[in-house]
Amino acid sequence: MSRLVLQGVAAGYGKANVIRGIDLTIESGRRVALIGSNGAGKSTIVKAINGLLPTRAGTIAWDDGVLGTMKASDRTRAGIGTVPEGRMLFPDCTVKENLVAASTFGHAKEHREQGLDRVYGLFPRLRERSSQRTGTLSGGEQQMVAIGRALMTRPRLLVLDEPSIGLAPKVVAEIFEVLSTLTREGLSLLLVEQNVQLSLRSVDDGYVLRQGEIVLRGEAAELLADPQVRAAYLGQ
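A. Main features of the pairing of strand 7 (residues 157–161). Counting buried residues in strand 7 gives 5 out of 5 residues, a clear majority hidden from the surface. A two-sided burial pattern is seen for strand 7, the buried positions comprising Leu157, Val159 and Asp161 on one face and Leu158 and Leu160 on the other. Judged from the 4 bridges that link them, strand 6 (residues 80–83) and strand 7 form a sheet pairing that is parallel. Bridge pairing in strand 7 places Thr82 opposite Val159. Regarding the hand of the β-α-β motif, the stretch spanning strand 7, helix 8 (residues 169–184) and strand 8 (residues 188–193) is right-handed.

Pasting the structure below:
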């Protein structure tokens, strides 16, 4: 059973803490949305989870063990996969090369061909473009590669940082349908989004982040109906 628990987490840059006192739990197989305006600290939480930014207070536990100072690469090996904002692909490498680059260790390497078949099954366009340089793909196709690359690590928790940003609605719908398929298969999900309505309609639970602190939490349907959320993020 995979369970991620943040307790009292603080992190930041320079002398300033961007996030403070963050308590957040993702139970095995649950879909969780972290919503908030630009600059609220959402990406800082992502970096604290995946090990790219050290925490200054609190703990992050995974599988009943504290991550502490564990390196980002070891967190990936432990089952936490991340789709970063901006995708961070290798544009001069082919689609297949980007995918294979994520499967160079342990069980991911052992099951590489199975992983490729799974990604191509979820995103048939990537099979068609497997030998094409990633930098020549559309934005939506690049996002598919980024998600596929994370899946090649065989994660039990998938963290997605702003997956819909800059994409056409049709492409976003296609990507979110794939995410729905993955969660039905038992993958846990942390969706970090500015698109509040889209994200809350796609998950089980939600957390609202404002100026570095969690100000609301609860079931997604309840948050979507909450007057504070509707007024602050939906303009209603």
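B. Representation of helix 7 (residues 139–151) within the structure. With 13 residues, helix 7 ought to run about 18 Å at 1.5 Å a step, and its terminal C-alpha atoms sit 19 Å apart, in line with that. Counting buried positions along helix 7 yields 12 of 13 residues, so the element is predominantly enclosed. Taken residue by residue, helix 7 has Gly140, Glu141, Gln142, Gln143, Met144, Val145, Ala146, Ile147, Gly148, Arg149, Ala150 and Leu151 as its buried positions. Elements in contact with the buried residues of helix 7: strand 6, helix 3 (95–100), helix 5 (112–122), helix 6 (124–128), strand 7 and helix 8.

C. Region of interest: unusual backbone geometry. Of note, Arg87 is a non-glycine position whose phi angle comes to about 75°, a positive value. Positionally, Arg87 belongs in the loop between strand 6 and helix 3. Look at Met88: it is not a glycine, yet its phi comes out positive at around 55°. Mapping Met88 onto the fold places it in the loop between strand 6 and helix 3. On the basis of relative accessible area, Met88 is assigned to the exposed category, the value being 56%.

Rules used throughout
- Residues numbered from 1 in each chain as written.
- Predicted model: local features only at pLDDT ≥ 70, side-chain atom pairs only at ≥ 80, totals over all residues.
- Heavy atoms only, no water.
- Buried < 20%, exposed > 50% of the residue type's maximum accessible area, 1.4 Å probe, protein only.
- Helix = DSSP H or I, 4+ residues; strand = E, 2+ residues; numbered from the N terminus.
- Pairing = 2+ DSSP bridges.
- Right-handed = clockwise from strand over helix to strand, strands pointing away.
- Expected span 1.5 Å × (residues − 1).
- Contact = heavy atoms within 4.5 Å.

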